[in-house]
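The primary structure of each chain is shown beneath.
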Amino acid sequence: MTCAAWAVTAALFIVPVAAQEAREATAPSVTVQLIAVRATSQGHEKPQFDASIASIRETVEDLKQFDDFRKLKTVNTVAPYGRETKVPLDNQYTLLLNPIERASHDRIRCDVRVQMRLPDKEDKPNAQTDPPESEPRYKEVLRCTLLAVSGKPFKVGGLKLDEGQLVLVLTVTDKRPAETP
Amino acid sequence: MNRKLYTIERWFDGDTASEAEAKALIAGESACAAHVETLKLLRTGARELARRESIEPAQFPAFMAGIRERLEPAPRHYRGVLAIASAVAASLIAAIAIFVMASPAPENISAEVEQVGTTIEGAEVGYYNTDNGTMTVWVDVPEGDLP
């Protein structure tokens, strides 16, 4: 009897969770490829790239003010439509990508935001008046809404790093067939 | 001679006592006859000056049209040009709008930007397509403006 009760209880927990996972697995989403790059000017005669990001040469070749591109992070993830997917870039910046809708057979309307973590307050909070700071504070430093072509890279950049500037090369891809938007 | 002319002038002005003498002088001397003609001409001119001009009701529209013509020459001249220019501008705007709406999105670009923004004070966000069609969104942050 006790085993039966445990089995029923487990089923009550497992079935909804599994159903939720199944729904998420089949929910429309896009695959996201992100290459976060630190762009600096080092005085090279020709632009220098990390070997792992040589593929983005054409994408960033217009940034003539830089001649040195170093990979900060590469992320491949899945972002469901209608939900914001958070990608921490470093200890300062966080990317938030929200695929809003599939606008046509090969275009994806998406919201791209970059948040910057604000420095923690140096003063100790007054225990009686100030609420304890449990979470870091963020400032939205860049927001754009784009109609991105599925599978084609676009870039977002200009944010300052300790050295150089941040360049994000993003590719969103909707692999579903064209007839099921 | 002056006395003769004076006699003629007195007769011309209505002095009947001088009439016989004046007529004899006019008939006898060419200078006196010429003086009478001069006096007649002067009298005619004086009458013309004294006559007051008046506008008949039938002439009034033409009179006002003449005044308007002098007062408003520029608007009459440019009205047609401005109307044509307005029509051409409206046609151009409509044509450009139709072209933009009807044109398909460029095939080689990687994205179209619909909206950009930043909360960094003094920063500007712009976007452009590179030659190979890569959409680039770039935030230009002034030195020292990050918190």
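Definitions and limits used
- Residues numbered from 1 in each chain as written.
- Chains lettered and ligands numbered in written order.
- Predicted model: local features only at pLDDT ≥ 70, side-chain atom pairs only at ≥ 80, totals over all residues.
- Pairing = 2+ DSSP bridges.
- Helix = DSSP H or I, 4+ residues; strand = E, 2+ residues; numbered from the N terminus.
- Core = buried A, V, L, I, M, F, W, Y, C linked by C-beta atoms within 7 Å.
- Buried ≥ 20, exposed ≤ 12 C-beta atoms within 10 Å, placed from the backbone.
- Contact = placed C-beta atoms within 7 Å.
- Axes fitted to C-alpha atoms, helices over the stretch in contact; angles between N-to-C directions.

A. Summary view of the pairing of strand S3 (residues 135-140) of chain B. The sheet contact formed by strand S8 (residues 154-160) of chain A and S3(B) spans three bridges and is parallel. Within S3(B), the residue paired with A:Gly157 across the bridge is B:Trp138. Here strand S2 (residues 124-129) of chain B runs beside S3(B); their pairing, made up of six bridges, is antiparallel. Its bridge partner being in S3(B), B:Tyr127 is matched across the sheet by B:Val137.

B. Main features of the nonpolar core. Ranked by size, the top nonpolar core spans 44 residues in total, and within it A:Leu142, A:Leu146, A:Ala148, A:Leu159 and A:Leu168 carry the most contacts. Contacts of A:Ala148, omitting those with residues within four sequence positions, involve A:Arg107, A:Ile108, A:Cys110, A:Phe154, A:Val172, B:Ser110 and B:Ala111.

C. Representation of the sheet that holds strand S2 (residues 48-49) of chain A in the model. Strand order in the open sheet formed by seven strands is S2(A)-S3(A)-S1(A)-S9(A)-S8(A)-S3(B)-S2(B), with mixed pairing between adjacent strands. Where the open sheet ends on each side, the last strands, each with one partner, are S2 of chain A together with S2 of chain B.

D. Molecular detail of the sheet that holds strand S4 (residues 85-88) of chain A. With antiparallel pairing, five strands are arranged side by side in an open sheet as S4(A)-S5(A)-S6(A)-S7(A)-S1(B). The open sheet has two edge strands with one neighbour each: S4 of chain A together with strand S1 (111-117) of chain B. Averaged over all neighbouring strand pairs, the angle between strand axes comes to 20°, with direction disregarded. Bridging between strand S5 (residues 93-104) of chain A and strand S6 (residues 107-117) of chain A involves 10 bridges; their strand directions are antiparallel.

E. Representation of the environment of B:Gly122. Residue and element names in this part refer to chain B. Within the secondary structure, Gly-122 is located in the loop between S1 and S2. Accessibility expressed as a C-beta count within 10 Å gives 11 for Gly-122, which makes it exposed. Each C-alpha atom, one on Gly-122 and one on Asp-140, is 8.8 Å from the other, the two residues being 18 residues apart in sequence.

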